[in-house]
Amino acid sequence: MLNTDKELKLYYSIGEVADMFGVNTSLLRFWEKEFPQISPKTAGRGIRQYRKEDVETIGLIYHLVKEKGMTLPGARQRLKDNKEATVRNYEIMNRLKAIKEELLAIKRELDGR
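All chains use their own residue numbering, which begins from 1 and follows the written sequence. The predicted nature of this model means local features are confined to residues of pLDDT at least 70 and side-chain atom pairs, given and counted, to a pLDDT of 80 or more, with totals for whole chains, interfaces and linings taken over all residues. To obtain the side-chain values, all non-hydrogen atoms of the structure were included, while hydrogens and water were left out.

(A) The overall build of the chain, seen in detail. Only DSSP runs of H or I covering at least 4 residues are called helices, and only runs of E covering at least 2 are called strands; the numbering of each starts at the N terminus. Across its full length, the chain holds four helices and two strands. Going from N to C terminus, the chain has its helices and strands arranged as α-α-β-β-α-α. C-alpha extents for the chain along the principal axes are approximately 55 × 40 × 25 Å. When burial is assessed residue by residue, the chain has 27% of its 113 residues classed as buried. Sequence separation of at least 24 residues holds for 50% of the intrachain contacts in the chain that already meet a minimum separation of 6. Approximately 8000 Å² of the chain is accessible, and the part contributed by carbon and sulfur atoms is 54%. Two residue types count as positive, namely Lys and Arg, and two as negative, namely Asp and Glu; His and chain ends fall outside the count. By convention, the charge on Lys lies at NZ, on Arg at CZ, on Asp at CG and on Glu at CD. Computed over 22 positive and 17 negative side-chain charges, the inter-centroid distance for the chain is 4 Å. Buried means the residue's accessible area, taken with a 1.4 Å probe over protein chains only, is under 20% of the maximum for its type, while exposed means over 50%, and partly exposed covers the values in between. Residue contacts follow a heavy-atom distance rule, with two residues in contact if any of their heavy atoms lie within 4.5 Å. Using the Shrake-Rupley algorithm and a 1.4 Å probe, accessible areas are obtained, with residue cover drawn only from the displayed protein chains.

(B) View of a nonpolar patch on the surface. Two distance rules govern patches: like charges are joined within 9 Å, and nonpolar side chains (Val, Leu, Ile, Met, Phe, Trp, Tyr) within 5 Å, applied only to residues with over 30% relative accessible area and no salt bridge. Salt bridge, as used here, is a side-chain nitrogen of Lys or Arg placed within 4 Å of a carboxyl oxygen of Asp or Glu. On the surface, a cluster of nonpolar side chains totalling about 630 Å² of accessible area is made up of Ile92, Met93, Leu96, Ile99, Leu103, Ile106 and Leu110. Structurally, the position occupied by Ile99 is in helix 4 (residues 72-111).

(C) Structural detail: the side chain of Thr57. Following the sequence through the fold, Thr57 ends up in helix 3 (residues 52-67). If near-sequence neighbours (up to four positions away) are discounted, Thr57 is found in contact with Gln37, Ile38 and Lys83.

(D) Helix 3, seen in detail. Multiplying 1.5 Å by the helix residue count minus one yields the expected span of that helix. Taking 1.5 Å per residue, 16 residues should reach 22 Å; helix 3 reaches 21 Å between its end C-alpha atoms and fits that length. Considered for burial, the residues of helix 3 that qualify are Asp54, Val55, Thr57, Ile58, Gly59, Leu60, Ile61, His63, Leu64 and Val65. Contacts made by the buried residues of helix 3 are with helix 1 (14-21), helix 2 (25-34), strand 2 (48-49) and helix 4.

(E) Here's a closer look at the nonpolar core. Core analysis: the biggest nonpolar cluster contains 22 residues, and Val17, Leu28, Trp31, Phe35, Tyr50 and Ile58 have the highest contact counts within it. For this core, the elements supplying multiple residues, two or more each, are helix 1, helix 2, helix 3 and helix 4. Ranked by the residues each element gives to this core, the list is headed by helix 3, at six residues. Leaving out residues up to four positions away in the same chain, Ile58 has contacts with Val17, Phe21, Leu28, Trp31, Ile38 and Tyr50. Nonpolar cores are built from buried Ala, Val, Leu, Ile, Met, Phe, Trp, Tyr and Cys residues. Side-chain atoms within 4.5 Å join them into one set.

(F) Seen up close, the UniProt feature "domain: HTH merR-type" (unreviewed entry) in the chain. Mapped onto this numbering, the UniProt entry gives "domain: HTH merR-type" (unreviewed entry) at residues 11-81. Helix makes up 62% of residues 11-81 and strand 6%, and the two end C-alpha atoms of the span are 28 Å apart. UniProt positions are given in the numbering used here, feature names are shortened, and annotations may be inferred rather than shown by experiment.

What follows is the structure, given as structure tokens:
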């Protein structure tokens, strides 16, 4: 049986991860060189296999660089010096975004009545 639930997958391809964040695969390869925390497993012929932890780290880097506008050295330093607080803030932001989406969906449903 095919497993389509991404939460249950062990590995993600570079294309899947790039799609999750709306970035090019070349950016992910570049970030691998810039951030030692990203270390996908490589299968035969150099095919990258990202674990859930890698995807979470990429999400954190995406948040720092693309959403908060930090430089790569700044993001690298933040992850090195204060990763726990950065992760906590990132998780809070993600929860707030999910709540906002849920509230907007409720509003749309109520407006439709």
